[in-house]
Amino acid sequence: MLQGHSVVNDQIKKDGETIQITNPSNIEELVGEVTLSDQKVVNQAAEAAKQAQKEWVSKTGAEKSAVLYKAAQLINQYADELATLATKEMGKPIKEMKGEVQRAIQLFRYYAAEGVRPDGDTIPASAPGVHQYAKRVPLGVVAIITPWNFPVAIPVWKIAPALVCGNAVVWKPAENAYLTASKMTEILNEAGFPSGLINLVLGRGREIGNYIVEQANINAVSFTGSTKVGKAIGQTCAQRNIKFQTEMGGKNPAIVMADADLSQAAHAVLSGAFRSAGQKCTATSLVIVEDAAYESFKQELATAMKDVQVTPADQEHCYLGPVVSKAQYDKVSRYIAQSTEDGTVVSQGDIPDANGYYVRPTIVEGLDETHPAWNEEVFGPLIVLRKAKDINEAIDVCNNTDYGLSASIFTQNLNQSFSFLDRLEAGMVRVNLETAGVEYQAPFGGMKDSSSHTREQGQAALQFYSETKTCAIKYQ
């Protein structure tokens, strides 16, 4: 059984409430215990980070790179242990969790390389004898607030670029990811970062999260979570005049045109909707099908649903496991019950005879666009189907939402593909690919209420975790 604690300057703090973590695949299995932080620990974390950042920023880019490469090496060394723990803690299928850990390794390697790449530009001066240039400089102490659905990858895609840019980190993970975060912090402490550069604080968002954003001595906040919380964080940070980045909710549509490979589209839609039990901000929620293909596509979905097996998450063949918690189970179950009552069930999967938070993956039709399951982020394995007469109507339907994170179209027609890519109001648009997922070297983020209009991952992340200083020297 793993113990999780707040770690500040390598010292274990035990001054808060202790909670027990159980396995959502089998709620009778105790996975570990966690001691929560209080506000005093948050202040200690921010102060430790501030002091450590002074040492870290003085290192050369090559020195920073070496430590990030070491972090990647250590995560690889502990990969199986880390993946197994995360699967037990939050219920992601073990095969997916192993892939997520590999992504974290790739992210650390990617940003390690940035330590020896150019960090600015030479700018011609209008006066003679003046050398002028601009360079990126660190923000200082960055608060990282991460969700439970990607307990390894999302923290790393925030922490790694923050560190290579010269910042220190105060990290508050979500409940249901405390143990995984504790293990990750132990691994990173082995890599050779200055003591206090990465500080883990464990606590509930309404208490510790709010305190970090509102009062802690920090210079920026990077948050992933709900739109409601993200907007509140943005308002607070704006009042404090500190930099902020919020990646929030999604209601992600997939369009299926009559000329598409319907079998391939059906498998991609189900994967996008049901992998990780639909607990991805990029998960497919809505499927809009051209009239001429609607009935045929429903048949393809029914056939493809035979592969959608709900099992305990630690089984290698698991397609989808449980949802993360009792609260999530209750919420998703309400949406599914309301949808099946108000609409028509197209297909529904089975759940195992096990004592866990298992939800039947469900496809429904016949809901109008005012229905909660059509408009609200469910964050569970539910697909809502509807028809569209042509691509113009389908795109209009997709854009008629407050969200704009991810969207897909399935078609063999180049004109339709490019029309979709140009007109769809989402941060990530994909052709013949599921809505879920983006490669680590590519920008990630949404439009409208899905984002504060910055981007994570790739080169875009460096822009958030630094600011620009323009320098000029007159030499003769």
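Check the entry above for the structure.
A few points on the structure. (Residues numbered from 1 in each chain as written. Predicted model: local features only at pLDDT ≥ 70, side-chain atom pairs only at ≥ 80, totals over all residues. Heavy atoms only, no water.)

### Description of the overall build of the protein
Selection criterion: Put simply, DSSP marks the helices as runs of H or I at least four residues long and the strands as runs of E at least two long, and each gets a number from the N terminus on. Note on exposure labels: buried denotes an accessible area under 20% of the residue type's maximum, exposed denotes more than 50%, and partly exposed covers the range between, all computed with a 1.4 Å probe on protein chains only. Contact between two residues is taken to exist if any of their heavy atoms lie within 4.5 Å; hydrogens are not considered. Each accessible area is a Shrake-Rupley estimate made with a 1.4 Å probe; only the visible protein chains count as cover when residues are assessed.
Check the secondary structure of the protein and you find 15 helices and 22 strands. In terms of its C-alpha atoms, the protein occupies a principal-axis envelope of roughly 75 × 60 × 40 Å. Taking all 476 residues of the protein together, 57% fall into the buried category. For the protein, restricting intrachain contacts to residue pairs at least 6 apart in sequence, the fraction spanning at least 24 positions comes to 74%. As displayed, the protein offers around 19,100 Å² of accessible surface, 46% of which is attributable to carbon and sulfur atoms.

### Focus on the side chain of Arg103
What counts here: For the purpose of counting charges, residues Lys and Arg are taken to be positive, whereas Asp and Glu are taken to be negative. His and the chain ends are not included. Salt bridge, as used here: a side-chain nitrogen of Lys or Arg that lies within 4 Å of a carboxyl oxygen of Asp or Glu. N or O atoms within 3.5 Å of each other form a polar contact, as long as, within protein, one can give a hydrogen and the other can take it, and as long as residues adjacent in sequence are counted only when both atoms are side-chain atoms.
As for its position among the elements, Arg103 is in helix H4 (residues 94-113). Although Arg103 is buried, it forms no salt bridge, and the closest oppositely charged side chain is Glu100 at an N-O distance of 8.2 Å. A distance of 2.7 Å separates the side chain of Arg103 from the backbone oxygen of Val438, its partner in a polar contact. The contacts of Arg103, once residues within four sequence positions are left out, are Ala153, Trp157, Val438, Glu439, Tyr440 and Gln457.

### Considerations on the pattern of salt bridges
Per the counting criterion, the structure on display carries 17 salt bridges. Here Arg204 and Glu17 are joined by a salt bridge, their closest N and O atoms 2.9 Å apart. In this pair, Arg204 is assigned in the loop between strand S10 (198-200) and helix H7 (205-214) and Glu17 in the loop between strand S3 (11-13) and strand S4 (18-23), connecting sequence segments 187 residues apart. By relative accessible area, which is 17% here, Arg204 ends up buried. Where Glu456 meets Lys158, a salt bridge forms, and the shortest distance between an N and an O atom there is 2.8 Å. In this pair, Glu456 is assigned in the loop between strand S21 (447-448) and helix H15 (460-464) and Lys158 in helix H5 (residues 153-164), connecting sequence segments 298 residues apart. Summarising the burial analysis for this pair, Glu456 and Lys158 share the class buried. Salt bridges linked by common partners bring Glu81, Lys183 and Glu186 together as one network.

### Points about the pairing of strand S12 (residues 243-247)
Defined as follows: Should DSSP find at least two bridges between two strands, the strands are taken to pair. Handedness of a crossover is defined as follows: with both strands directed away from the viewer, a clockwise route from the first strand across the helix to the second makes it right-handed.
Taken together, the five bridges between strand S11 (residues 220-224) and S12 define a ladder with parallel strand orientation. Looking at S12, one finds that Ser222 is bridged to Gln245. Between S11 and its parallel partner S12, the chain crosses via helix H8 (residues 227-240), and the hand of that crossover is right-handed.

### A word on the sheet that holds strand S6 (residues 120-122)
Stated precisely, the cut-off is as follows: A fitted line through C-alpha atoms represents every axis, and for helices the fit uses only the stretch in contact; the resulting angles, taken between N-to-C directions, go from 0 to 180 degrees.
Sheet architecture is open: three strands sit in the order S6-S7-S22, paired in antiparallel fashion. The strands lining the two open edges of the sheet, one partner per strand, are S6 and strand S22 (466-474). In this sheet, adjacent strand axes meet at a mean angle of 15° when their direction is disregarded. Two strands pair when backbone bridges link them, and S6 and strand S7 (residues 130-138) are joined in this way by three bridges, in the antiparallel orientation. Residue Thr122 lies in a different strand from S7, and its bridge partner there is Tyr133.

### So, the nonpolar core
Applicable threshold: Nonpolar cores were defined as sets of buried Ala, Val, Leu, Ile, Met, Phe, Trp, Tyr and Cys residues, with membership established by side-chain atoms within 4.5 Å.
In terms of nonpolar packing, the biggest core is built from 95 residues, with Leu68, Val101, Phe108, Tyr111, Leu163, Phe193 and Val221 touching the most fellow members. Here this core takes ten residues from H4, the largest share from any one element. Of all hydrophobic cores here, the second largest spans 57 residues; its members include Ala260, Val323, Val384 and Leu424.

### Description of the sheet that holds strand S14 (residues 284-290)
If you walk across this open sheet you meet the seven strands as S15-S16-S17-S14-S13-S19-S20, and the pairing is mixed. With one partner strand each, in any of the chains shown, strand S15 (344-348) and strand S20 (428-431) form the two edges of the open sheet. Strand after strand, the sheet turns through a mean of 20° between neighbouring axes, direction not considered. In this structure, S14 lies alongside strand S17 (residues 382-388), joined through five bridges in parallel fashion. By the bridge assignment for S17, Ile288 is matched with Arg386. Docked against the sheet, helix H10 (residues 294-304) engages strand S13 (252-256), S14, S15, strand S16 (362-365) and S17, running at close to 160° with respect to S17.

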